[in-house]
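Close look at the chain arrangement
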Amino acid sequence: MTAVLDRIARRAMIQTTAMIHIANHRKDARRTDPKVGGHPASCSSSTHILTALHCAVRSAHDFVCCKPHAAPLDHVLMAMLGLYRHAPDGSWFDQVEVEQALHGLRKFSEHHEPVFQSYHSRFDPDSWHFLPSGSVGIPPVVSGYLALAYRYARDHSVELPQVPENLHFWSLIGDSELREGSLMEAMPDFAERRLGNITWIIDYNRQNLDGARMPNKHGLHGTDAHRIEAMGTANGWEVIQVRHGRRRLATFKKPGGAALRGVLEEGLSDYELQGHLLLRVMDDTRAALIERDKKCKRLVDSLDDAELEAVLCDLGGHDSDVLVEALTRSKQDQGAPTLLVAHTVKGWGLDMYAAPGNHSELPKEEEVERLLADEGLTLERPFAPFAADSEEGRHLAERSAVFRSAIEGDRAWRNRNRESVRQRIADAGGVPASLDIDTKLFPRAHTQWMWGQLAAKLVRIGTSAEMRRAEGQGIADLTPKERQWEPSADLVLTMSPDVGTSTQLNPVMDERVYGEHGVGEERAADVEVRTGHSKKRPSLLPTHEPWTRHIRFEIAEANCMSAVGSFGMMGHYAGIPFFPIMTVYDFFIKRALDQLFYNLYWGSEFVILGTPSGVTLSSEGAQHSWKSDIQIPNLITWEPIFAVEVDWILCESIRRHYADENDGRKGILIRAVTRGMEQKELVNRLRRHPRFRTNPADLESQPLDDETILEAARHDCLSGAYYLVDFRGRPDYEPGVNVVNLFAMGSVASEALAASDALRGEGIYVNVIAVASPELLLGNLAAQNDFQHLRRGLGLDSNLALAPRGPVDSGAELVTLAGRRVPVVSVHDGEAGLLDNIGSVLGVRQETLAVRRFSKCGRPDQVYAYQQIDAAAIKQAIAKVLSETALEEVVVSRRALEELAGREGSPIGHWTELWDVPQPAPPGVGSTAP
Ligand SMILES: Cc1ncc(C[n+]2csc(CCOP(=O)(O)OP(=O)(O)O)c2C)c(N)n1
């Protein structure tokens, strides 16, 4: 078996090198194109590790993620195992298609032919149970939280379909990558959660992108491998060092062997060892070993140059036998994750063996041809498989059959799960549009408060069956409407990086924290009882009980962000569409921005509740108050003003989630604040709109009933924006003269209303349009439908209104007109980019009031004034746009005017009719095998 694995590993390394070579020698390259690149040396150091993993140790259901630059090697091994699939139906590639695909590394798929992205991607044909990669340091963390998500699913299976046991979560990590803070941030967390089914394999090749690594032996008191071991142990991980191959291990058994082992493990710094591997001058190596410990002299002297070189180069990470043994050991779940340090050489099997700067070096064509020839292959057909009757061919075929049947079974199982969740929701009557929180007792509620209420209700409903089962009589029955919510609420869970109580999630956390505690069970319960718990002080003792719904994190936003992403992939992987909601101080989202990007790229479905947000959390001052304009595909951002909007937005998000109507908006960011808002303001303002009167032409007529009005507002809000103040139709309302459209987002809507009210007395009509989602109104999602809601849905007037300029001489040939459009002012608490392109979409003058300076502590009105986003600043901006809009003078001949008077509309139709416009490819062309 070992010899077979060795031969597979060698061929995999060679075919990987050929794959990268082909990608770099395409005939259609243009002279100005960026380099294509690839990382043969990086792949080569991992070749035995990944071969042992895929071809011997892992089970088909296990998840694997690996350092991005080893992606081509993974693809070659998956090709050998015959595990490429077509996206739409999951059918398997034949060998011709496999070999074609291997020619498509880093290629653009022009005609839907399968290609490979540079690093693992869900669009790759072998993406099954592989996690995307590219940004180092993130995939191993999400992989760990996926392990947690599967465990959570199992622990909550009372109401959920079963999930498979014994899954293992493997990650291959570069030794420089392991310096990423994200990994170190996750290490204690995984150990505390006792995730024993995680193995991180460190490809310890002592090199990184820039060259040989030089960990300071004096500063670290040893090699980096020692530091890693100590770090692993200190963080509760099991550590396995795979330093030596079998040849070395046999030599160590000889007299003087222990001393030689000591020198190789402790005596040489990483950089020194790397130097010996690179130069391979045995006189120097011999002298260095003996100098470090004379007790190995006789043994070292007894080895000739070839033998000594073989011993020097026999690192454990290139010995299939020791690797299989170590990987298998790491799979035993001892309740602790495992850090497996595999000592390797970057450039193994290549001329660039251990060479500095070989990270992205490409071998010459002669070398590629020579390597292929060793395998009986050529560049004409480099990806031919092993002969079917060879030992390697038989081994791979056997494994392939096991994997294929597991994958097919998994697809069926997942679809069944998904269907059963869907059915339960349909049987209950679908997802309702509201959670019906009564806000009457809270006339000045804020949006964060509302989130707490909604979360508490969702969790109460979602756990009522479990609570009833456990406590029987004491639990109140659900109302019929609550019963309708039950199956959807069941899959909702919350998490937060240590800001749960400060964001009013107490009821969600109280006795509902999921996980391990490690405190003696009785002792902990005793402490809880003695210290007492209350509304203000929830009981936080974690358990695995089925009614737990909250995952508590230390101050580790990046961990929590990865976790919310992983839980949000359970619908995709297991057919269990959890609806995970992470509550975080909005300002600290940027601490985990890379993780957020990853979640969105991965296609995860989750909510981030960013609260409190912006400078509106005024007394918290400057450091907490920046609100970023985050525009990443697949993300939708919301910023409600009134409490009821949070309800609308959340319920609609839940509905779309279960109905699979969330393409392009799977990640949801809802921003909330802690500043109160007069809640009755909403319906009071809406009642005054002409369209909400029984007779729209008569503002004195009765308003429609509140339910009808709010339903219309809900519809507009969920389209991205709604009129809060709408003056259209007033007798002296004159676009181009006395009308301004004021867009307000979030808490500063109060300032917008004040400005609008004040200017009414000046004869100016300021419509106030509440922006609920910048994404839907002017962001990526709006761009997809040509800004439908902004341009048409809101019925905004962006016409050029022409009025005579000065007295018109009845005999004159030319007439001068003043052209004015309805200008726009926008105001929001955040980066200008969130709203500053409304004017350019509408084609009108816009003034943007936004946060443009570091903030200070104070009351909201003081801070708004300081930031120039208060009512006074709005009035000033309105004056400015009104005066500057009247700048266009149009001179028209009388004859033209008369001719135009007879015409209707523009002679030009839709812009796409102007010339042949190519349609853009839909996102994700290529294959995206689930
Ligand atoms: C967050 C991030 N920073 C930088 C890079 C660019 N990068 C890719 S690989 C690499 C070096 C990795 O070295 P190491 O982890 O030791 O892996 P090796 O290739 O040596 O096995 C760098 C800097 C990246 N992909 N992601």
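Read on for a plain summary of the structure. (Residues numbered from 1 in each chain as written. Predicted model: local features only at pLDDT ≥ 70, side-chain atom pairs only at ≥ 80, totals over all residues. Heavy atoms only, no water.)

**Digging into the overall build of the protein chain**
The cut-off we apply is this: Each helix is a run of H or I in the DSSP string that is no shorter than four residues. Each strand is a run of E no shorter than two, and both are numbered from the N terminus. We take the radius of gyration over the C-alpha atoms and set the globule estimate at 2.2 Å times the residue count to the 0.38 power. In this scheme, a residue with accessible area under 20% of its type's maximum is buried, one over 50% is exposed, and one in between is partly exposed, where area comes from a 1.4 Å probe on protein chains only. The contact definition used throughout considers only heavy atoms, calling two residues in contact when any of these lie within 4.5 Å. Neither His nor the chain ends is counted toward charge; the positive residues are Lys and Arg and the negative residues Asp and Glu. Taken as the charge centre is NZ of Lys, CZ of Arg, CG of Asp or CD of Glu, depending on the residue.
In terms of regular secondary structure, the protein chain is built from 35 helices and 19 strands. In terms of C-alpha radius of gyration, the protein chain reaches 33 Å, essentially the compact-globule figure of 30 Å for 930 residues. With respect to the principal axes defined by its C-alpha atoms, the protein chain has extents near 115 × 80 × 55 Å. Across the 930 residues of the protein chain, 57% fall into the buried class. Residue pairs at least 24 apart in sequence account for 78% of intrachain contacts in the protein chain once pairs closer than 6 positions are excluded. Here the protein chain carries 102 positive and 127 negative side-chain charges, and the mean point of each set is 2 Å from the other.

**Quick notes on a negative patch on the surface**
Rules: Here the term patch refers to residues with relative accessible area over 30% and no salt bridge, with like charges joined within 9 Å and nonpolar side chains (Val, Leu, Ile, Met, Phe, Trp, Tyr) within 5 Å. Exposure was quantified through the Shrake-Rupley algorithm and a 1.4 Å probe, taking into account, for residues, occlusion by the shown protein chains and nothing else. For this analysis, a salt bridge means a side-chain nitrogen from Lys or Arg found within 4 Å of a carboxyl oxygen belonging to Asp or Glu.
Taken together, the side chains of Glu365, Glu366, Glu369 and Glu380 define an acidic patch exposed on the protein surface. With respect to the helices, strands and loops of the structure, glutamate 366 is situated in helix α16 (residues 365-374). Residue glutamate 366 is classed as exposed on the basis of its relative accessible area of 55%.

**Details of the sheet that holds strand β2 (residues 169-174)**
Short version of the rule: For two strands to pair, DSSP has to find at least two bridges joining them. Throughout, an axis means a line fitted to C-alpha atoms (over the contacting stretch in the case of helices), and angles, computed between N-to-C directions, take values from 0 to 180 degrees.
Across the sheet, which stays open at both edges, the five strands sit in the order β1-β2-β3-β5-β4 with parallel pairing between neighbours. Each of the sheet's edge strands pairs with one partner strand only, and the pair in question is β1 (63-66) and β4 (238-242). Along the sheet, successive strands turn relative to each other by an average axial angle of 15°, direction set aside. Both β4 and strand β5 (residues 338-343) contribute to a ladder of five bridges, which runs parallel. Looking at the pairing, valine 242 lines up with alanine 342 of β5. Taken strand by strand, helix α5 (residues 139-155) contacts β1, β2 and β3 (198-204), and its axis lies near 165° from that of β2. Relative to β3, helix α6 (residues 181-192) is tilted by about 145°, and along the sheet it contacts β2, β3 and β5.

**Structural notes on the site of the ligand**
To keep it simple, the criterion reads: Being near a molecule or strand, for a residue, comes down to having at least one heavy atom within 4 Å of it. Counted as a polar contact is a pair of N or O atoms within 3.5 Å, where, for protein atoms, one must be capable of donating a hydrogen and the other of accepting one, and residues adjacent in sequence contribute only when both atoms are in side chains. All residues other than Ala, Val, Leu, Ile, Met, Phe, Trp, Tyr, Cys, Pro, Asp, Glu, Lys and Arg, Gly among them, are scored as polar; the first ten of these are nonpolar and the last four charged.
Every one of the 17 residues lining the ligand counts as a neighbour, but Ser42, Lys67, Asp175, Gln207 and Lys346 are closest to it. At 2.9 Å from an oxygen atom of the ligand is found a side-chain nitrogen or oxygen belonging to asparagine 205. In the environment of the ligand, an oxygen atom lies 2.8 Å from a nitrogen or oxygen atom belonging to the backbone of glutamine 207. Grouping the constituent residues of the shell around the ligand by class yields two nonpolar, ten polar and five charged.

**Overview of unusual backbone geometry**
With an omega of -15°, the peptide bond running from threonine 611 to proline 612 counts as cis. Its location among the elements puts proline 612 in the loop between β9 (606-610) and β10 (635-638). Positive phi, normally seen in glycine, also occurs at histidine 112, with a value near 65°. Along the polypeptide, histidine 112 turns up in the loop between α4 (95-102) and α5. Residue classification places histidine 112 among the exposed positions, given a relative accessible area of 56%. Residue glutamate 511 is not a glycine yet carries a positive backbone phi of 60°. Note on placement: glutamate 511 falls in the loop between α20 (506-509) and α21 (521-531).

**Here we look at a nonpolar patch on the surface**
Together, Leu278, Leu279 and Val281 give the surface a local cluster of nonpolar side chains, amounting to about 250 Å² of exposed area. The topology assignment puts leucine 279 in helix α11 (residues 270-279). Look at leucine 279 and you get exposed, because its relative accessible area is 59%.

**Regarding the environment of asparagine 738**
Relative to the elements of secondary structure, asparagine 738 occurs in the loop between β12 (721-725) and β13 (739-745). In contact with asparagine 738, other than residues within four places in its own chain, are Asp732, Tyr733, Gly763, Ile764 and Tyr765. Within the structure, asparagine 738 has its side chain in polar contact with the backbone nitrogen of glutamate 734 (distance 2.8 Å).

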